[in-house]
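Next come the chains, spelled out residue by residue.
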Amino acid sequence: TDESPNVTASNTPAVMGTCAASRDLLSSGKLKYGDIISIPKLGVFMVQDKMGDYCTDKKKGIKIYQRNHIDILVYTKEQEKKVGWRKRQVITKVVL
């Protein structure tokens, strides 16, 4: 997060239905800004942001590199608990 946390990496507002893709998915061309993806049991989202390269495991004090990840925008703790952290193998690009 930088000084403009409500603006995505694609320079659009962060709104419900927005998601961020890990840097490897974007740099490989598997996903690009504006792609619409479907995640089973969670819904349909538009890739508009880029995740940080890594997060820190506070218990272990180590960097964990984010690979093949999608981060869904939520506004409340209730929404966060509903979505949770899940491993999913299938993410489908929606072709309009």
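Structure shown above.
An account of the accompanying structure is given in this report. Since this is a predicted model, take the numbers as computed values, not measurements. (Residues numbered from 1 in each chain as written. Predicted model: local features only at pLDDT ≥ 70, side-chain atom pairs only at ≥ 80, totals over all residues. Heavy atoms only, no water.)

Further remarks concern the overall build of the protein chain. A count of helical and extended segments in the protein chain gives two helices and seven strands. Along its sequence from the N terminus, the protein chain presents helices and strands in the succession β-α-β-β-β-β-β-α-β. Per-residue burial for the protein chain yields a buried fraction of 22% across its 96 residues. As presented, the protein chain carries roughly 7200 Å² of accessible surface, and 53% of it is formed by carbon and sulfur atoms. (Helix = DSSP H or I, 4+ residues; strand = E, 2+ residues; numbered from the N terminus. Buried < 20%, exposed > 50% of the residue type's maximum accessible area, 1.4 Å probe, protein only. Areas by Shrake-Rupley, 256 points an atom, 1.4 Å probe, with all protein chains shown as cover.)

Backbone geometry places Lys41, a non-glycine residue, at a positive phi of 70°. Turning to its location among the elements, Lys41 is positioned in the loop between strand S2 (36-39) and strand S3 (43-50).

When strand S1 (residues 18-21) meets S3, the two strands line up parallel, connected through four bridges. Opposite Ala21, over in S3, you have Lys50 as the bridge partner. Inspection of the sheet shows S2 paired to S3 by four bridges, in the antiparallel sense. Note on S3: the bridge partner recorded for Ile36 is Met46. Where S2 folds back on S3, the antiparallel hairpin that results is connected by three residues, among which Lys41 adopts a positive phi of roughly 70°. (Pairing = 2+ DSSP bridges.)

Bringing the pattern of salt bridges into the picture now. Applying the stated criterion across every chain yields a total of two salt bridges. Of the charged contacts in the structure, one is a salt bridge between Lys77 and Glu80, with a shortest N-O distance of 3.6 Å. Of this pair, Lys77 and Glu80 both sit in helix H2 (residues 77-83), separated by three residues, roughly a single helical turn. For Lys77, a relative accessible area of 61% gives the class exposed. We classify Glu80 as partly exposed; its relative accessible area is 42%. (Salt bridge = Lys/Arg side-chain N within 4 Å of Asp/Glu carboxyl O.)

A separate point is the nonpolar core. Within the largest apolar cluster, twelve residues are counted, these being Cys19, Ala21, Leu25, Leu26, Leu31, Ile37, Ile39, Phe45, Val47, Ile70, Ile72 and Val83. At the level of secondary structure, the elements contributing two or more residues to this core comprise S1, helix H1 (23-28), S2, S3 and strand S6 (70-72). In this structure, Phe45 is in contact with Gly17, Thr18, Cys19, Asp35, Ile36, Ile37, Ile39 and Ile72, ignoring residues within four places of it in sequence. (Core = buried A, V, L, I, M, F, W, Y, C linked by side-chain atoms within 4.5 Å. Contact = heavy atoms within 4.5 Å.)

Along the chain, Ser22 falls in the loop between S1 and H1. A distance of 2.5 Å separates polar atoms of two side chains, one belonging to Ser22 and the other to Asp24. Those residues within four positions of Ser22 in sequence are excluded, and the remaining contacts are Met51, Gln66, Arg67, Asn68 and His69. (Polar contact = N/O pair within 3.5 Å; in protein donor to acceptor, adjacent residues only side chain to side chain.)

Keep in mind these numbers describe shape, not what the thing actually does.
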